[in-house]
Amino acid sequence: MMRVLPPLLVIGGPAGAGKTSVADAVAKRLTAPVVGLGDSSGEDQHVVDLPALQDRLDMFEDAPLVIIEGVFALTLPPIRWAARWTVYLDTPLDISLARRALGQDDPRGVLRAYLDGGRDAHARTVAPGRQLADLVVDGTEPLPDLATRIHGFIAARP
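This section reports on the structure supplied with the text. (Residues numbered from 1 in each chain as written. Predicted model: local features only at pLDDT ≥ 70, side-chain atom pairs only at ≥ 80, totals over all residues. Heavy atoms only, no water.)

**Some remarks on the pairing of strand β5 (residues 135–138)**
1) Next: The alternating pattern of β5 places L135 and V137 on a buried face and V136 and D138 on a face that is not buried.
2) Next: Summarising the sheet, strand β4 (residues 85–90) and β5 pair through 4 bridges and their orientation is parallel. Across the sheet, residue L89 finds its bridge partner in β5, namely V137. (Buried < 20%, exposed > 50% of the residue type's maximum accessible area, 1.4 Å probe, protein only. Helix = DSSP H or I, 4+ residues; strand = E, 2+ residues; numbered from the N terminus. Pairing = 2+ DSSP bridges.)

Structure representation (structure tokens):
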């Protein structure tokens, strides 16, 4: 049986782009829950457990809006197809990488993964989300400006 979902705002972009911060800022304006794809991935952040994601979304079935954010949010068809609004946080890879590395006690693992194929993997699996998004925003803009812009986008397209 097909489950009914609340309207979904889906935010995608590279790891370290600021998706979680942007989603939280928009959620405060809209009083909406945020579901991170990383919360449904288990140990491997490159795999999304779609049944677990559905279970998390079911917890918010009465919400007027739910925000989903994650690296693969726009490139996974079941998530993208369910979305009412899609946003790609376009952050240059050097800034995304620096943000990610600075968030670690030892940044060498992040840097090694990037050099060992992370950049190419991004180009194959994450970057295509930019063309699939309804709205592309600059991830280097101040957080309040991004939240205002996304909020306005949602209000203009009910």
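**Quick notes on the pattern of salt bridges**
1) Next: Counting across every chain of the model gives 3 salt bridges.
2) Next: Note that D90 is salt-bridged to R130, the shortest N-O span being 3.0 Å. In this pair, D90 is assigned in strand β4 and R130 in helix α6 (residues 129–132), connecting sequence segments 40 residues apart.
3) Next: Its relative accessible area of 28% is what places D90 among the partly exposed residues.
4) Next: Take R130: its relative accessible area is 37%, and that puts it in the partly exposed class.
5) Next: The salt bridge involving R112 is made with D116; its shortest N-O contact spans 3.6 Å. (Salt bridge = Lys/Arg side-chain N within 4 Å of Asp/Glu carboxyl O.)

**Section: helix α4 (residues 93–102)**
One turn of the α-helix equals 3.6 residues, which is why residues spaced by three or four share an orientation.
1) Next: Within α4 the residues assigned to the buried category are S96, L97 and A101. The buried side chains of α4 occupy one side of the element, clustering within an arc of 125° when seen end-on.
2) Next: In this fold, the buried residues of α4 make contact with α5 (108–125). (Arc of directions from axis to C-beta. Contact = heavy atoms within 4.5 Å.)

**Here's the deal with the environment of D55**
1) Next: Position of D55 relative to the elements: it lies in helix α2 (residues 50–58).
2) Next: In this structure, the C-alpha to C-alpha distance between D55 and I95, residues 40 residues apart in sequence, is 33 Å.

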